[in-house]
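# Tertiary structure, described
The chain contents come next:
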Amino acid sequence: MPIDAAKAVAAEPRSAEIAWDHKDVQLYHLGLGAGVPATDPDELRYTLESRLHVLPSFATVAGAGMGVVGGLSAPGIDIDLAAVLHGGQSITLHRPLPVAGRAVSTSRVAAVYDKGKAAVLVLRSEAVDADGPLWTSDAQIFVRGEGGWGGDRGPSERLEPPAREPDATVERPVREDQALLYRLSGDWNPLHADPEFAKLAGFDRPILHGLCSYGMTLKAVVDTLLGGDVTRVRSYRTRFAGIVFPGETLRIRMWAAEGRTQVTVTAVERDDAPVLADTVVAHS
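Thresholds, definitions, all that
- Numbers given to residues run from 1 along each chain, matching the order in which its sequence is written.
- The predicted origin of the model limits local features to residues at a pLDDT of at least 70 and limits the giving and counting of side-chain atom pairs to 80 or more, whereas totals for whole chains, interfaces and linings rest on all residues.
- By convention in this description, side-chain values take in all heavy atoms of the structure and omit both hydrogens and water.
- Elements are defined by DSSP. Helices are runs of H or I of four residues or more, strands are runs of E of two residues or more, and each kind is numbered from the N terminus.
- Categorising residues by exposure relies on relative accessible area from a 1.4 Å probe, with only protein chains included: less than 20% of the type maximum marks a residue as buried, more than 50% marks it as exposed, and the intermediate range marks it as partly exposed.
- A contact between two residues is defined here by any heavy atoms of the two lying within 4.5 Å.
- In summary, the charge assignment counts Lys and Arg as positive and Asp and Glu as negative, without counting His or the chain termini.
- Positions of charges follow a simple convention, taking NZ of Lys, CZ of Arg, CG of Asp or CD of Glu.
- Here the expected span of a helix is defined as 1.5 Å times the quantity of residues minus one.

Okay, the overall build of the protein next. Of regular secondary structure, the protein possesses seven helices and 10 strands. A principal-axis box enclosing the C-alpha atoms of the protein has dimensions of 55 × 50 × 40 Å. Counting all 284 residues of the protein, 48% fall into the buried class. The contacts in the protein between residues at least 6 apart in sequence include a share of 72% that link residues at least 24 apart. Within the protein, the 37 negative side-chain charges are centred at a point lying 2 Å from the centre of the 29 positive side-chain charges.

Below is the structure:
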């Protein structure tokens, strides 16, 4: 079996120094579609260095870290990238992210689950700088064809949307070139750029990074319900329920409650096909 679950989980954590500055933050925000309209004061918080704040989902790309693709080179893991999909993502923020910083990122395979026809890898990264912990990030990686060895199936929580109308609904267009721009932040998987590779993976054309729709969604929640204040975000989790093609439109529905906002995301042009599910932003 290409995945040796016991070896992967038992492997020593890998640590690396990471660094970022305002240019990395601005590039990430632009990859999420920030900056439209270009002179909007609310958008300048994402694009102009003198006003810059950091969307917490930047933690998924800061310094490139272990990354989804990098994590797949861990001991005990030998798989075909064409069989890989990002199944879910969570981030816990220990304090607001600085515009520029240096930290030590420690990464490991926290768990390997057997889903029958697939395996799920949980790749955990923890970042600490001179002032203490910054964030903890878990990526759930779905690997088709690698299950069936009799291992733990893992959690399978599903979160139904509230039985009422959303408190807010917004639509966010995905540019035709958005995956090409977003990948400059460090996720070089050819699935998001190379048409031939995308066909090998079973798609008609390249698809948008799941973490791009993840960041777009958090930005929509911050801008719509949190007064544009990124420091209010405490944690953010989602399950990637479907794909997005560049050029489509995301419909983001939000249900606000005390200390948390539940979200669903769908693709408008494909009859509200699911994109993100089981999505919760915890906030002050």
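Each α-helix turn comprises 3.6 residues. Residues three or four places apart therefore point the same way. For helix α7 (residues 210-225), with 16 residues, the first-to-last C-alpha span of 22 Å sits near the 22 Å given by 1.5 Å per residue. For α7, the tally of buried residues reaches 12 of 16 residues, placing the bulk of the element in the interior. All of the buried residues in α7 are Leu211, Cys212, Ser213, Tyr214, Gly215, Met216, Thr217, Leu218, Lys219, Ala220, Val221 and Val222. A positive phi of about 60° marks Gly227, the residue just after α7.

Purely geometric numbers; function is a separate question.
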